[in-house]
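Here's the letter readout for the chains.
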Amino acid sequence: MSFFKKLKSRLTRSSSKLEQGLEDIVAENASSEDEVAETPEPSAPATPAETSPEAAPRSRAEPGPEPEPEPRHDETINLPDPTPPAPGYVPAPVTEPVEEEHAQIAKAPLDVEPAPERPNPEPKKPSLLGRIFGGGEAKPAEPRRVLDDEMLESLEELLIASDMGVDTALRVSANLAEGRMGRKLSVSEIKGLLAQEVARIMEPVAKPLPLYPKKPQVVLVVGVNGSGKTTTIGKLASQFRAAGKQVVIAAGDTFRAAAVEQLQVWGDRAGVPVLTAPEGSDPASLAYDAMKKAEAEGADLLMIDTAGRLQNRADLMEELAKIVRVIRKVDETAPHNTLLVLDATTGQNALQQVDVFRKISNVSGLVMTKLDGTAKGGVLVALADKFGLPIHAIGVGEQLDDLAPFDPEEFAQALVGLED
Ligand SMILES: Nc1nc2c(ncn2[C@@H]2O[C@H](COP(=O)(O)OP(=O)(O)OP(=O)(O)O)[C@@H](O)[C@H]2O)c(=O)[nH]1
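The text that follows walks through the structure, step by step, so that each part is easy to find. (Residues numbered from 1 in each chain as written. Predicted model: local features only at pLDDT ≥ 70, side-chain atom pairs only at ≥ 80, totals over all residues. Heavy atoms only, no water.)

What follows covers the site of the ligand. In the neighbourhood of the ligand, 19 residues make up the surrounding shell, with Thr230, Thr231, Arg256, Asp372 and Glu398 lying closest. Between the ligand and the protein, one listed contact pairs an oxygen atom with a side-chain N or O atom of Gln262 at 2.9 Å. With respect to the ligand, the side chain of Asp372 contributes an N or O atom lying 2.7 Å from a nitrogen atom. Protein coverage of the free-state accessible area of the ligand, which is 640 Å², stands at 83%. Secondary-structure elements contributing two or more residues to the shell around the ligand are helix 9 (229–242) and helix 10 (257–270). When the residues that make up the shell around the ligand are grouped by side-chain class, the tally is 3 nonpolar, 10 polar and 6 charged. (Near = heavy atom within 4 Å. Polar contact = N/O pair within 3.5 Å; in protein donor to acceptor, adjacent residues only side chain to side chain. Areas by Shrake-Rupley, 256 points an atom, 1.4 Å probe, with all protein chains shown as cover. Helix = DSSP H or I, 4+ residues; strand = E, 2+ residues; numbered from the N terminus. Nonpolar A, V, L, I, M, F, W, Y, C, P; charged D, E, K, R; others polar.)

Okay, structure coming up:
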């Protein structure tokens, strides 16, 4: 089974929640069959501008002037470029190209016959929507509803309820409504537009874990207890091993014997050595030994598990800082990645975790686990929109192959329940 199929089948709780909500919204004030027949053929919209909710007043039937693009924080390094790691993030303002939609509207005054409202100001069919609508063929039987303020408000509420967060939900709805107020939309059309918006937000953050020529590349794995750190380390170790990399794991959560045992099980499964230390011993000292061992063995990757006790933030901060200090005695550029593992089922709480862990460690990228079986998959969109941190991988289960690089388009389609 392809990862997309798996993702889609496992994101059903998120997608069916959205789907049901959309059906309810459209059904609430759906057009009659006759009206539907008059409805112009829907076609793929041009990519809307990076628009803040404020920049797109709801009742506006035509898009206004191009709003200022929002700056995003992007990492400069990405695979397959094997350059050394950047210590932090370089804010890279994203400049959206001038929209064709706007360009065409700008030409409108030249039209001699102004009367009929152009049903479709968007000339282009992006491949995503082309695929969704089967080359633009409409589904005539599908009910449609005129996009008005009330419907837009319901959409916003639905997106907020799917854990996208208020700001992101407003932005996504505003972009979706841009130039479409007063038009009749069906559920599949809204889904297609939503998928397009979500993919656009996620695109800049979809970056696989960068690999560097530096040996060993040190990956510090942080996150609250139970977020899936151990499992993610196991899955990553196994995948890197399969790709011919030599991997060493350090069981840095020395406070929980169960965590160490679990990591050993994953290490055995992946065929990767796991360095452990007695319960309650200093994790920094273990990390140092692991650095030395990985270096001596010429390992490509050293993955260091850490404790996730957020109850005592000061202690955890000191513990992580000490691990970093100590491994820098061996390699002053380490750690090369600090992966924050987040549990999708925690919904909006994941946003707070990013906030906290960014304060106590130099988080360089995210892995989102447990996207299977949750109706809160939308939180990933909020995370991307709010922090712009690279999302390296997502987990959709407990098996070795249930972790895959993050693909924004696949995720967007799976989230809204669209077919491949
Ligand atoms: N369904 C599902 N379960 C997962 C996923 N990733 C991890 N888990 C499960 O979540 C639970 C916690 O995962 P761990 O890897 O132990 O989490 P941890 O962050 O290491 O937790 P501590 O060891 O307590 O610090 C385990 O039962 C995992 O099997 C996932 O993508 N999907």
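This is not the end of the story, as more comes after the structure.
What follows deals with the environment of Val354. Mapped onto the elements of the fold, Val354 is located in helix 13 (residues 349–360). Assessed through its relative accessible area of 0%, Val354 is described here as buried. Put simply, Val354 and Phe387 are 33 residues apart on the chain and 8.3 Å apart in space, counted from C-alpha to C-alpha. (Buried < 20%, exposed > 50% of the residue type's maximum accessible area, 1.4 Å probe, protein only.)

Here we take up the environment of Asp300. Among the secondary structure elements, Asp300 is positioned in the loop between helix 11 (283–296) and strand 8 (301–305). Residue classification places Asp300 among the buried residues on the basis of a relative accessible area of 17%. Taking the C-alpha atoms as reference points, Asp300 and Gln217, separated by 83 residues in sequence, lie 6.0 Å from one another. Residues within four places of Asp300 in sequence aside, it is in contact with Lys214, Lys215, Pro216, Gln217, Gly244, Lys245 and Gln246. Within the structure, Asp300 has its side chain in polar contact with the side chain of Lys215 (distance 3.4 Å). Among the polar contacts listed, one links the side chain of Asp300 to the backbone nitrogen of Gln246, at a separation of 2.6 Å. (Contact = heavy atoms within 4.5 Å.)

On the surface, Arg313, Arg358, Lys359 and Lys386 cluster together to form a positively charged patch. Mapped onto the fold, Arg358 is located in helix 13. For Arg358, a relative accessible area of 38% corresponds to the partly exposed category. (Patch = residues over 30% accessible without salt bridge, like charges linked within 9 Å, V, L, I, M, F, W, Y side chains within 5 Å. Salt bridge = Lys/Arg side-chain N within 4 Å of Asp/Glu carboxyl O. Lys, Arg positive; Asp, Glu negative; His and termini not counted. Charge placed at Lys NZ, Arg CZ, Asp CG, Glu CD.)

We now examine the packing of aromatic side chains. Inspection of every chain in the model, using the stated rule, returns 1 aromatic pair. Both rings, one in Phe406 and one in Phe411, keep their centres 5.4 Å apart while their planes meet at 55°; by these two values the pair is tilted. Overall, Phe406 belongs to the buried group, its relative accessible area being 7%. Lying across the ring of Trp266, Arg269 places its NZ or CZ 4.3 Å from the centre. We note Arg309 situated over the ring of Phe255; from NZ or CZ to the ring centre the distance is 4.2 Å. (Phe/Tyr/Trp six-rings, centres within 6.5 Å; stacked < 30°, edge-to-face > 60°. Lys NZ or Arg CZ within 6 Å of the ring centre and 35° of its normal.)

Now for the pairing of strand 9 (residues 337–343). Summarising burial for strand 9: 7 of the 7 residues are buried, a large majority. Burial along strand 9 is two-sided: Asn337, Leu339, Val341 and Asp343 and Thr338, Leu340 and Leu342, pointing in opposite directions, are all buried. In this sheet, strand 10 (residues 365–369) lies alongside strand 9 in parallel orientation, the contact comprising 5 bridges. Bridge pairing in strand 10 places Asp343 opposite Thr369. (Pairing = 2+ DSSP bridges.)

Residues Val247 and Ile249 line one face of strand 6 (residues 247–250) and the alternating positions Val248 and Ala250 line the opposite face, and both faces are buried. Bridge count for strand 6 against strand 8 is 4 bridges, and the pairing is parallel. Bridging from a neighbouring strand, Val247 pairs with Leu301 of strand 8. Note: strand 6 against strand 7 (residues 274–275), 2 bridges, orientation parallel. Its bridge partner lying in strand 7, Ala250 is registered against Leu275. With helix 10 bridging strand 6 and its parallel neighbour strand 7, the resulting β-α-β unit is right-handed. (Right-handed = clockwise from strand over helix to strand, strands pointing away.)

Read these as spatial facts, not as claims about activity.
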